[in-house]
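Listed below are the residues making up each chain.
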Amino acid sequence: MRNRYVDLLRAVAIIRVVTYHTLGFAWLTVAFPAMGLMFALGGSLMAASLDRSGPKAIGRRIRRIVIPFWVLGAFAVVLMSLWGGMEHSWRTLLWFIPLDDPPTSERGGFWFSQIWYVRSYLWFIIASPVLLWAFRRWPIPSVLLPFGVLVALWETGYGTGGTIRDFFMYAPAWMLGFAHHDGTLQRISKKVLWPACLVIAGIGLALLLHTPGPRGYDLNDAPVADTLWSTAFLLVMLNAAPAALSLGAAEPVVEAINRRALTIYLWHEAAITFVRMVGVWFGITLVGGYRDFVQLGLVVALVAVLVLALGWVEDLAAKRRPQLVPMPKRASVPRAVEQAQPVPA
C-alpha cells in the first residue's frame with residue numbers, strides 16, 4: 001500500500017513550488033516550507049529503500065533521477081548552445097552527471113535555476129548509507145551537527161549558496177525523514193513536541209523578521225531561519241502522520257502528481273520563463289492582480305503539456321511500462337515500487 005499522507009504532502013509541496021516560482025509571493029515560503037519537506041520525504045523514502053534493498057537502493061534511486069534529467073540536459077545544452085551563447089568545457093558533462101551546478105548562459109540561467117535541488121538530492125542519496133548509520137546511533141547529534149556547520153558557514157560568509165551550503169542546510173530535514181521512517185517522530189508526545197516546536201519556530205521567525213532579505217521576508221534569503229522554521233514545521237507535520245488516510249475524489253490527482261513529480265519539477269522553470277517571454281513578445285502584462293493568476297494558469301497548462309510529452313521517461317527510469325497518463329490501477333502498484341519519485345523528492 002502507498003502511504004497516502006506522504007503522497008498528499010509531496011503533491012502540496014510540488015504545487016507550492018510551482019506557485020511560488022511563478023508568483024514570487026514571499027509569504028508562501030513561511031506558510032509552507034516546501035523544500036525542507038521534500039528533502040524530509042526523500043530521506044524517509046531512502047531509508048525505506050536501504051532497509052529493503054541495501055546498497056543496491058543507491059543505484060536504483062540515482063537511475064530514477066538521472067534518466068529524466070538527461071532529457072532536460074540535452075534540451076538545455078542544445079538551447080543554450082544555439083541561442084544562449086553557452087561556452088563548453090568539461091563542466092558541460094554536469095548536465096548529465098549533476099554532482100555540481102552545471103554551466104548555464106546568462107539567458108539560460110532563468111530557464112534552469114531549479115537544478116540545484118537535483119544536485120543536492122543526488123549527494124544525499126550517495127551519502128545516505130553513512131548518514132543513516134550515524135542517525136541510528138546518535139540521532140540528536142546527527143541532526144544538530146549539520147545545523148551547527150550551517151551557522152558557522154553563514155557567520156563566516158560562506159553560507160549564501162552552493163553545494164556545501166545546501167548539503168548542511170537540508171541535512172537536518174533528510175535526517176528527520178529517517179526519523180519518520182523509523183517511527184521515532186510519531187512516538188514523541190505532543191506535550192513535549194509542541195513547546196519545542198514553538199521555541200524553534202519562534203527563533204527562526206525572529207531571525208527572518210530581524211534581517212529581511214532582498215525579497216522581503218522570504219526564507220530562501222535566510223538559510224538559518226529557514227532551517228529552524230522548516231524543522232519545526234516538519235516535526236509537527238510528520239508527528240501528525242496518520243496510520244491510514246483516504247483521499248477520496250482527490251486521490252487520482254494526487255497520485256498523478258506524485259508519479260510525475262520529477263518531470264513537473266524539472267520543467268516548471270522553463271515553462272514559467274517561456275510564458276513570460278511570450279507575454280513580452282505580445283506586449284501583455286502578466287503581473288499584478290488577476291494577471292498573476294492568468295500567468296499561473298498558463299504555466300500550469302504548459303507544465304501539463306510537458307508532463308504528457310515527457311513524463312513517460314519517469315516510467316522508463318523506474319522500469320515500469322510507459323504511460324501517457326499516470327493513472328495505474330491499485331492492483332498494479334507493488335510495494336517494491338511504491339513512492340518511486342524523489343520529489344518532489
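Residues numbered from 1 in each chain as written. Predicted model: local features only at pLDDT ≥ 70, side-chain atom pairs only at ≥ 80, totals over all residues. Heavy atoms only, no water.

(A) Summary view of the packing of aromatic side chains. Scanning all chains against the criterion turns up 21 aromatic pairs. With 4.9 Å between their ring centres and 50 degrees between their planes, Y117 and Y265 make a pair best called tilted. Of this pair, Y117 sits in helix α6 (residues 115–137) while Y265 is found in helix α12 (residues 261–281), placing the two residues 148 residues apart along the sequence. Grouping residues by exposure puts Y117 and Y265 together as buried. One aromatic cluster in this structure is built from F39, W116, Y117, Y121, F124, F167, F168, Y170, W174 and Y265. (Phe/Tyr/Trp six-rings, centres within 6.5 Å; stacked < 30°, edge-to-face > 60°. Helix = DSSP H or I, 4+ residues; strand = E, 2+ residues; numbered from the N terminus. Buried < 20%, exposed > 50% of the residue type's maximum accessible area, 1.4 Å probe, protein only.)

(B) Unusual backbone geometry, seen in detail. With a phi angle near 60 degrees, K319 is a residue other than glycine that sits in the positive phi range. Looking at the element boundaries, K319 is found in the segment after α14 (312–317).

(C) Highlighting helix α13 (residues 290–310). Here α13 contains 21 residues, and its C-alpha end-to-end distance of 30 Å stays within 8% of the 30 Å for a straight helix at 1.5 Å per residue. Those residues of α13 not exposed but buried are D292, Q295, L296, V299, V303, L306 and V307. The buried residues of α13 occupy an angular sector of 110 degrees when the element is viewed end-on, so they sit on one face. Seen from the buried face of α13, the exposed residues on the opposite side, beyond 90 degrees, are Y290, F293 and V305. In the core, the buried residues of α13 are packed alongside α1 (4–23), α12 and α14. (Expected span 1.5 Å × (residues − 1). Arc of directions from axis to C-beta. Contact = heavy atoms within 4.5 Å.)

(D) Here's a closer look at the confidence of the model for the chain. Across the chain, the average pLDDT comes to 90, with 94% of residues at 70 or higher. Low confidence marks residues 331–341, where pLDDT is under 50. Its contacts with residues over four positions away, or in another chain, come to 25 contacts. (pLDDT = per-residue confidence, 0-100.)

(E) Representation of a nonpolar patch on the surface within the structure. On the surface, I97, L99, W123 and I126 cluster together into a nonpolar patch covering about 330 Å² of accessible area. Looking at where I126 falls in the secondary structure, it is placed in helix α6. With relative accessibility at 38%, the residue I126 sits in the partly exposed group. (Patch = residues over 30% accessible without salt bridge, like charges linked within 9 Å, V, L, I, M, F, W, Y side chains within 5 Å. Areas by Shrake-Rupley, 256 points an atom, 1.4 Å probe, with all protein chains shown as cover. Salt bridge = Lys/Arg side-chain N within 4 Å of Asp/Glu carboxyl O.)

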